[in-house]
Amino acid sequence: MNQQEFVKLIAPFKDKLFRMAKRLLVSTEEAEDATQEVLVKLWNKNQTLSNYSSVEALAMTMTKNYCLDQLKSKRVSNLQIVHNNYSDRAATVQKQIEDKDSWSWVEKIIEKLPEQQRLIVQMRDVEEYEFSEIAEILDMNETAVRVALSRARKEIREQLIKKHNYGIA
């Protein structure tokens, strides 16, 4: 596979690799480094990439594993999911503030979820991966992914309801 073919192959999902790395590592610079490392590893495997059913799933798995290795090497225990892409340009200022506040609460709740649930919420609700892709990337049963996502969403919902109903009898 030549360089142009390789670029065409990875172009559709390279931004997803960066976003996943950014969510896991938080630092933009570290995420850029992680993405570059994964792309170099993929380039080194370019002769055997056609053997994989989904190069994107392989790349996402490599990114996840690389980032987790980086975090373990730094002995960082808390992963953060940060989502900065949310905005509603047509909304009023008050609505924008309310939305930002709500999203801030959702982020805080997600940060407290177990690592696996955080990754699944990130991949399904933010990156919009299919359950089968998440299962392949995380090396899980598809049913287990659905259950973990359901539990994570339930916890997020319960915590938001508790927050919004605080002081209301």
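What counts and how
- Residues numbered from 1 in each chain as written.
- Predicted model: local features only at pLDDT ≥ 70, side-chain atom pairs only at ≥ 80, totals over all residues.
- Heavy atoms only, no water.
- Helix = DSSP H or I, 4+ residues; strand = E, 2+ residues; numbered from the N terminus.
- Buried < 20%, exposed > 50% of the residue type's maximum accessible area, 1.4 Å probe, protein only.
- Contact = heavy atoms within 4.5 Å.
- Areas by Shrake-Rupley, 256 points an atom, 1.4 Å probe, with all protein chains shown as cover.
- Phe/Tyr/Trp six-rings, centres within 6.5 Å; stacked < 30°, edge-to-face > 60°.
- Lys NZ or Arg CZ within 6 Å of the ring centre and 35° of its normal.
- Salt bridge = Lys/Arg side-chain N within 4 Å of Asp/Glu carboxyl O.
- Axes fitted to C-alpha atoms, helices over the stretch in contact; angles between N-to-C directions.
- Parallel < 35°, antiparallel > 145°, perpendicular 65-115°, else oblique.
- Nonpolar A, V, L, I, M, F, W, Y, C, P; charged D, E, K, R; others polar.

**Quick look at the overall build of the chain**
Broken down by element type, the chain carries eight helices and zero strands. Beginning at the N terminus, the succession of helices and strands in the chain can be written as α-α-α-α-α-α-α-α. Expressed as a percentage of its 169 residues, the buried residues of the chain come to 37%. Counting only contacts in the chain whose residues sit at least 6 apart along the sequence, the fraction spanning at least 24 positions is 66%. Accessible surface computed for the chain: about 10,700 Å², of which carbon and sulfur atoms make up 48%.

**A word on the packing of aromatic side chains**
Two aromatic rings, taken as a pair, are described by how far apart their centres are and by the angle between their planes. If you walk through the whole model with that rule in mind, you get one aromatic pair. Summarising the aromatic geometry, the rings of F6 and W43 are spaced 5.1 Å apart at their centres and angled 75 degrees between planes, so their arrangement reads as edge-to-face. Of the two residues, F6 sits in helix α1 (residues 3-10) while W43 sits in helix α3 (residues 28-44), which places them 37 residues apart along the sequence. The positively charged end of K108 is found above the aromatic ring belonging to W105, 5.0 Å away from the centroid.

**Considerations on unusual backbone geometry**
Residue V26 is not a glycine yet carries a positive backbone phi of 70 degrees. Among the secondary structure elements, V26 is positioned in the loop between α2 (14-25) and α3. In this structure, E128 takes a positive phi of about 60 degrees despite not being glycine. Its place among the elements puts E128 in the loop between α6 (115-126) and α7 (131-138).

**Some details on the pattern of salt bridges**
Tallied over the full model, the rule gives seven salt bridges. A salt bridge links R146 to E142, with the shortest nitrogen-to-oxygen separation between them at 3.4 Å. With R146 and E142 both in helix α8 (residues 142-164) and four residues apart, the pair spans about one turn of that helix. Judged by relative accessible area, which is 43%, R146 ranks as partly exposed. Across the pair E158 and K154 runs a salt bridge whose closest N-O atoms are separated by 4.0 Å. One end of the pair, E158, and the other, K154, are both in helix α8, four residues apart, so they sit about a helical turn from each other. Residue class for K154 comes out partly exposed when judged on its relative accessible area of 46%.

**Quick look at the packing of α7 against α8**
Running from N to C, α7 and α8 cross one another at 105 degrees; their axes reach a closest spacing of 8 Å. In terms of orientation, α7 and α8 fall into the roughly perpendicular class. Along its contact with α7, which presents F131, S132, I134 and A135, the element α8 presents E142, V145, R146 and L149. The class makeup of the residues in the contact of α7 with α8 is five nonpolar, one polar and two charged.

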